[in-house]
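# Chain and residue survey
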Amino acid sequence: MSTKRLATIIVMAAGIIASTGLAQQSQTNTPAKSSWADKIAIKGDLRYRYETIEDDAKLNSQNETFTRRRDRIRARLGVEAKPSETVKIGVEIATGQNDPVSPNQTIGDVWQKKDMKLNLAYFDWSLVSNDPTTVNLVGGKQKNPFQPMGSIHDLVWDNDATPEGLVLKSQTGGETVTIGANLGYMWLQERSSNSDDSMLYVGQGFLKFQPMPEIGLTIGGTYYGFHDIQGKDVLDWEKLNNAFGNSTITGTISGSTTNKAWASEFTPIELFASLDLFVMEFPITIFGQTLKNSDATTAFDSGFQYGVSLGKAKNPKTFEVGYTYQKLEKDAVLGALTDSDRWGGGTDGKGSKVYGKYQVAKNLQVGLTYFMNDKVISDASKTKDYKRMQADLVYSF
């Protein structure tokens, strides 16, 4: 099915959903004041990226280090319908293959057609909406509600990860203090055999304190309960037995001794804090995050990050710059879902990231990011340098 035809079907389906909601309203003698099109929002973005990678762990045919250069594209198209005052339904398609943490497509393969996949398919049901208290149930393949640092790269998740399952989100408070919580029931791997399914249960709480408009402090913590991971064969979308940095033991797929299974269970607890300041109307954010996996079978069970961002690239002619230092030990978290850019993805790395963004126009942004990392830090004899530069042009609508 072509991308154009798939996008058309999504828009038509959203229209049918919204029309059904309007029909229900007319049956209760409530006059319809708008058409179904008024209840639908269409949005998307296109990113063109030039990227260089210097990975000392990879050598060319002459057994020498080299710099890889490539151009990549990412395209996303989403539709969100609101069939009633309490329900929203969203669907989004994006470029990419089956990679759970990257919708990027490298160009330069003799102009082959690019894949489009279902990136989001969710409902958002408002159970309670009595100001200042809200309670929402979100289900399906959805945007990640657990990232405590917003758009800043997180220790546990890649920004492009879209969890699957149910999340109960709640928040209450006033102008000065806000308290919130997220409870997650997420699927990782459903198995049709007698083997137990791999699941993720999440509990997250946070408090936002804003004594004045110029100062805001957010603190919180998250428990990630990955269930039935230890001893199960690693989940690798490319089927290459890649454990993404985690420790492994011999796997059981087809009785092969070359397959890998996770050596540890993962139940990391994270703590995070973010201080937001406005100095002469100029935004500054200082943040930190730490975590520890108490069920790791090795001593490599922890991670942390800290950083600062200056400005906010949102309105035309505004900019944002930032710096982050991160360290993520081998068995601190499940490596398959972590940031795929820093040290090439997974765990067992450390290093810095610096970035800058400039909002050229309302819907046009340019950016530059540079990673200076070490990978395989659990074994000093195998540690390698990793450097990555990304120059982005992003258009959104």
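The structure reproduced in this document is the subject of the present report. (Residues numbered from 1 in each chain as written. Predicted model: local features only at pLDDT ≥ 70, side-chain atom pairs only at ≥ 80, totals over all residues. Heavy atoms only, no water.)

Next up on the list: the pattern of salt bridges. Taken as a whole and judged by the stated rule, the model has 13 salt bridges. Note that Lys114 and Asp109 form a salt bridge whose closest N and O atoms lie 2.8 Å from each other. When its relative accessible area of 26% is taken as the criterion, Asp109 is described as partly exposed. With a closest N to O distance of 2.7 Å, Lys141 and Glu164 form a salt bridge. Here Glu164 lies in strand β7 (residues 164-173) and Lys141 lies in strand β6 (residues 133-141), a separation of 23 residues in the sequence. In this structure, a network of salt bridges that share partners links the residues Asp45, Arg74, Arg76 and Asp160. (Salt bridge = Lys/Arg side-chain N within 4 Å of Asp/Glu carboxyl O. Buried < 20%, exposed > 50% of the residue type's maximum accessible area, 1.4 Å probe, protein only. Helix = DSSP H or I, 4+ residues; strand = E, 2+ residues; numbered from the N terminus.)

Now for the pairing of strand β1 (residues 40-55). Working note: regular strand, side chains alternate between the two faces of the sheet. Note: β1 against strand β2 (residues 67-81), 15 bridges, orientation antiparallel. Following the sheet pairing, Ala41 is matched in β2 by Glu80. In this structure, β1 lies alongside strand β19 (residues 384-396), joined through 11 bridges in antiparallel fashion. Looking at β19, one finds that Tyr50 is bridged to Ala391. (Pairing = 2+ DSSP bridges.)

Here we come to the side chain of Asp158. If you trace the backbone, Asp158 turns up in the loop between β6 and β7. Despite its burial, Asp158 remains without a salt bridge, the nearest opposite charge being carried by Arg342 at 7.9 Å. Within the structure, the side chain of Asp158 is placed 2.7 Å from the backbone nitrogen of Asp160, a separation counted as a polar contact. For Asp158, the residues in contact, after removing those within four places along its chain, are Val101, Gln147, Leu337, Thr338, Asp339 and Ser340. (Lys, Arg positive; Asp, Glu negative; His and termini not counted. Polar contact = N/O pair within 3.5 Å; in protein donor to acceptor, adjacent residues only side chain to side chain. Contact = heavy atoms within 4.5 Å.)

Let's shift gears to unusual backbone geometry. A cis amide bond links Asp131 to the next residue, Pro132, at an omega of 15 degrees. Its place among the elements puts Pro132 in the loop between β5 (116-130) and β6. Despite not being glycine, Glu281 has its phi angle at roughly 65 degrees, a positive value. Within the fold, Glu281 resides in the loop between β13 (268-279) and β14 (282-293). The exposed category is assigned to Glu281, whose relative accessible area is 74%. The phi dihedral of Lys317 is positive, around 70 degrees, even though this residue is not glycine. In this structure, Lys317 sits in the loop between β15 (302-311) and β16 (319-328).

What follows concerns the nonpolar core. Formed by 26 residues in total, the largest nonpolar core has its most connected members in Phe146, Trp157, Leu200, Tyr224, Phe226 and Leu334. Going through the elements one at a time, β9 (198-212) and β10 (215-227) are the ones with two or more residues in this core. Leave out the neighbours within four places in its chain, and Phe146 touches Trp157, Val167, Asn182, Gly184, Met186, Val202, Gln204, Tyr224 and Glu270. (Core = buried A, V, L, I, M, F, W, Y, C linked by side-chain atoms within 4.5 Å.)

On to the side chain of Asp341. Its location among the elements puts Asp341 in the loop between β16 and β17 (349-361). Residue Asp341 is classed as buried on the basis of its relative accessible area of 11%. Reaching out from Asp341, the side chain makes a polar contact with the side chain of Gln390 at a distance of 3.3 Å. Setting aside its immediate chain neighbours within four residues, Asp341 contacts Arg49, His153, Phe371, Tyr386, Arg388 and Gln390.

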